[in-house]
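Inside the fold
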Amino acid sequence: MIEWDVKKLRILRTLRDRGTVTATAQALLMTPSAVSQQLSNLSGQLGVPLLEAQGRRVRLTDAAHLVLRHAEAVFAQLERADAELTGYLRGEAGEVRIAAFSTAVPALVVPAIQRLRAEERPGPDVRVREAEAAQAYELLAAGDVDLALSLAAHAPTARDPRFAVLPLLADLLDVALPADHRLAAAPALRLADLSGDPWIFGGSGPWSQITTAACEAAGFVPEQAHSASGWTAILAMVEAGMGVVSCCRFAASKCVVVSVSEFCRRGFAGRERKFWGRMGDLGGWCSLG
């Protein structure tokens, strides 16, 4: 029977995720030669070639991908065993490390932690790390977090064996308007009604891409007047009458809501589980729903 070396399998998985021997060595705090040696030993133990040359780099063989498909189940079971053993030793449920995008932290993560702490029975320690989708899934794949919250559109596919996916909730995408905007009191509007307005784009997250795609589908290209990475700065510019912006409904607490027909419900997603993810004196909330 083949001897399965979990440490070497983790090195192989890291090479698949990182793409190069050098990047793998850096991630695992090893030398490139040590990585190559460990993978060569693993290939000998399994009796199949795991790597093949591709120019100046190497790539995984079909046999290597087959091995990793089975190894993922082993890794998942070992992680569950680690969590249960930690809970047993501490007399509690262990630790949960969460990566979440910026607006999900106050809207979803913090309330969940508060409810957890309000329970009388022992619960897990929760560690929170703010991260956008791409970074969140890198952290999850590397084992640095246990759970990642993200927009569903940015989540890995359901066929990715490294993750389990759970829909959490759907939230309307809206447009925030200045309080004195001509349409701030409207019960509903279409994106075309805002074709002549200046738009504020976000420097992080998917909102700018979503806005551009929706506006182009409505027959116009939005004028990017300003850009900022944080919602505090973005909504301050909206409040000052500097432009309009699309955002998820729980991004802030200072807007009026107006429905916008072209925008759809956005899903929030996470890994190991998947999470699908109002505003009110700034001005108009335009629900794009």
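Our structure is the block above this text.
An account of the accompanying structure is given in this report. Since this is a predicted model, take the numbers as computed values, not measurements.

1. Brief notes about the overall build of the chain
Along the backbone of the chain there are eight helices and 13 strands. The proportion of buried residues among the 289 residues of the chain is 42%. In the form shown here, the chain has an accessible surface area of approximately 15,200 Å², with 52% of it arising from carbon and sulfur atoms.

2. So, the packing of aromatic side chains
Applying the stated criterion across every chain yields a total of one aromatic pair. With 6.0 Å between their ring centres and 55° between their planes, tyrosine 137 and phenylalanine 163 make a pair best called tilted. Here tyrosine 137 is found in helix H6 (residues 133-141), whereas its partner phenylalanine 163 is found in the loop between strand S5 (147-151) and strand S6 (170-176), with 26 residues between them in sequence.

3. Quick word on H6
Where H6 is concerned, the buried positions are Ala133, Ala136, Tyr137, Leu139, Leu140 and Ala141. Trailing H6 by a residue or two, glycine 143 shows a phi angle of about 80°, which is positive.

4. A look at the packing of helix H1 (residues 6-18) against helix H2 (residues 21-28)
The geometry of H1 relative to H2 is characterised by a closest axis approach of 8 Å and an angle of 120° between their N-to-C directions. It follows that H1 is oblique to H2 by the angle criterion. Taken as a pair, H1 and H2 cross one another with a handedness that is right-handed. Of H2, the residues touching H1 (which contributes Ile11, Thr14, Leu15 and Arg18) are Val21, Ala23, Thr24, Ala27 and Leu28. Looking at side-chain class alone, the contact of H1 with H2 contains six nonpolar, two polar and one charged residues.

5. A closer look at the environment of proline 198
As for its position among the elements, proline 198 is in strand S8 (residues 198-202). Residue class for proline 198 comes out partly exposed when judged on its relative accessible area of 26%. Contacts of proline 198, omitting those with residues within four sequence positions, involve Glu223, Ala225, Met242, Gly243 and Val244.

6. Comments concerning helix H7 (residues 207-217)
Residues of H7 that are buried include every one of Trp207, Ser208, Ile210, Thr211, Ala214 and Cys215, and no others. Each buried residue of H7 sits inside an arc of 160° when the element is viewed along its axis, so together they form one side. The exposed residues of H7 that point more than 90 degrees off its buried face are Gln209 and Ala217. Following H7 by one or two positions, glycine 219 has its phi on the positive side, about 100°.

About the criteria used
- Residues numbered from 1 in each chain as written.
- Predicted model: local features only at pLDDT ≥ 70, side-chain atom pairs only at ≥ 80, totals over all residues.
- Heavy atoms only, no water.
- Helix = DSSP H or I, 4+ residues; strand = E, 2+ residues; numbered from the N terminus.
- Buried < 20%, exposed > 50% of the residue type's maximum accessible area, 1.4 Å probe, protein only.
- Areas by Shrake-Rupley, 256 points an atom, 1.4 Å probe, with all protein chains shown as cover.
- Phe/Tyr/Trp six-rings, centres within 6.5 Å; stacked < 30°, edge-to-face > 60°.
- Axes fitted to C-alpha atoms, helices over the stretch in contact; angles between N-to-C directions.
- Parallel < 35°, antiparallel > 145°, perpendicular 65-115°, else oblique.
- Left-handed = near helix turned anticlockwise from the far one by under 90°.
- Contact = heavy atoms within 4.5 Å.
- Nonpolar A, V, L, I, M, F, W, Y, C, P; charged D, E, K, R; others polar.
- Arc of directions from axis to C-beta.

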